[in-house]
Every structure is written in C-alpha cells, then in structure tokens.
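Given next are the chains, with one letter for each unit.
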Amino acid sequence: MQLDLYMFETCPYCQKVMREIQAEGRTDIVFHDIHKEEEDRQTLIHVGGKEQVPCLFIDGVPMYESDDIIAWLKSHQKAL
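Residues numbered from 1 in each chain as written. Predicted model: local features only at pLDDT ≥ 70, side-chain atom pairs only at ≥ 80, totals over all residues. Heavy atoms only, no water.

Draft legend 1. The packing of aromatic side chains, seen in detail. Taken as a whole, this structure holds 1 aromatic pair when the rule is applied. We note K50 situated over the ring of Y64; from NZ or CZ to the ring centre the distance is 4.5 Å. (Phe/Tyr/Trp six-rings, centres within 6.5 Å; stacked < 30°, edge-to-face > 60°. Lys NZ or Arg CZ within 6 Å of the ring centre and 35° of its normal.)

Below you can see the structure in the form of structure tokens.
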C-alpha cells in the first residue's frame with residue numbers, strides 16, 4: 001500500500017496528523033511538503049482537485065480532514 005501525506009510544517013492540522021504518525025512509529029508514509037516542493041503542490045492540486053492539507057493519498061486516492069486521516073491510520077496499522 002502506498003501512503004503519501006501532502007502537508008506543510010506550520011499547518012496545525014498537519015502537525016496533528018504528523019504527531020499521530022510519530023506516536024504510532026509509522027515509517028510507511030512518504031511526506032510531501034507543498035511549501036518546499038512546487039511539484040508536490042501541483043500534484044496535490046492535479047490529483048486531489050484542491051490545495052488542501054493535510055491530504056493522505058492512499059494508493060493514489062486522496063483523503064482530507066485530519067480527524068478522518070487519524071481514524072484511518074488507527075484502523076490500518078502498519079504491517080510488520
């Protein structure tokens with residue numbers, strides 16, 4: 001499963017998701033900072049349809065809203 005989190009560091013909702021990722025010890029998520037990489041910002045807009053973060057792409061399908069992302073992460077623990 002491919003997991004890509006589109007975010008930027010000063011976004012409080014992104015920080016909330018990133019704290020959960022760290023607390024779970026997940027290493028299976030690729031981070032894309034849309035304020036540091038224009039290509040990542042363009043991908044988020046092109047594929048997701050809007051420039052909203054945090055956005056977790058799950059096998060290429062976007063999921064928005066920090067609480068929804070956290071709930072999904074908790075129900076889909078990283079495979080060992």
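Draft legend 2. The sheet that holds strand β1 (residues 3-7), seen in detail. The 4 strands are arranged β2-β1-β3-β4 in an open sheet whose pairing can be described as mixed. Taken across any chain shown, the strands that pair with only one partner, and hence form the sheet edges, are β2 (29-33) and β4 (61-64). Here the average twist between neighbouring strands, direction ignored, is 25°. In the sheet, β1 pairs with β2 via 5 bridges, with the strands oriented parallel. Note that in β2 the partner of L5 across the bridge is F31. Helix-sheet contacts for helix α2 (residues 38-48) involve β1, β2, β3 (55-58) and β4, and the interaxial angle to β3 is about 70°. Along the sheet, helix α3 (residues 66-75) contacts β1, β2, β3 and β4; its crossing angle with β4, the most-contacted strand, is approximately 115°. (Pairing = 2+ DSSP bridges. Helix = DSSP H or I, 4+ residues; strand = E, 2+ residues; numbered from the N terminus. Axes fitted to C-alpha atoms, helices over the stretch in contact; angles between N-to-C directions. Contact = heavy atoms within 4.5 Å.)

Draft legend 3. Spatial organisation of the nonpolar core. Core analysis: the largest hydrophobic core is formed by 22 residues, its most contacted members being L44, V53, L56 and L73. Dropping the residues within four chain positions of it, V53 is found in contact with Y6, M7, F8, C11, C14, I34 and L44. (Core = buried A, V, L, I, M, F, W, Y, C linked by side-chain atoms within 4.5 Å. Buried < 20%, exposed > 50% of the residue type's maximum accessible area, 1.4 Å probe, protein only.)

Draft legend 4. Region of interest: α3. Every buried residue of α3 is listed here: S66, I69, I70, W72 and L73. In a view along the axis of α3, the buried residues occupy a sector of 160°, so they form one face of it. Of the surrounding secondary structure, the elements contacted by the buried residues of α3 are β1, α1 (12-24), β2, β3 and β4. (Arc of directions from axis to C-beta.)

Draft legend 5. How the structure looks around unusual backbone geometry. Omega for the bond connecting V53 with P54 falls within 30 degrees of zero, at -5°, which places this linkage in the cis form. Position of P54 among the secondary structure elements: in the loop between α2 and β3. In this structure, D59 takes a positive phi of about 50° despite not being glycine. If you trace the backbone, D59 turns up in the loop between β3 and β4. A positive phi angle, near 75°, is found at E65, a position not held by glycine. Relative accessible area serves as the criterion here: at 45%, E65 is assigned to the partly exposed category.

Draft legend 6. Fine view of the pattern of salt bridges. Within the structure shown, the criterion is met by 6 salt bridges. In this structure, the salt-bridge partner of E9 is K36, at a minimum N-O distance of 2.9 Å. Note that E9 is positioned in the loop between β1 and α1 and K36 in the loop between β2 and α2, a separation of 27 residues in sequence. Since its relative accessible area comes to 46%, E9 is described here as partly exposed. Of the charged contacts in the structure, one is a salt bridge between E24 and R26, with a shortest N-O distance of 3.4 Å. (Salt bridge = Lys/Arg side-chain N within 4 Å of Asp/Glu carboxyl O.)

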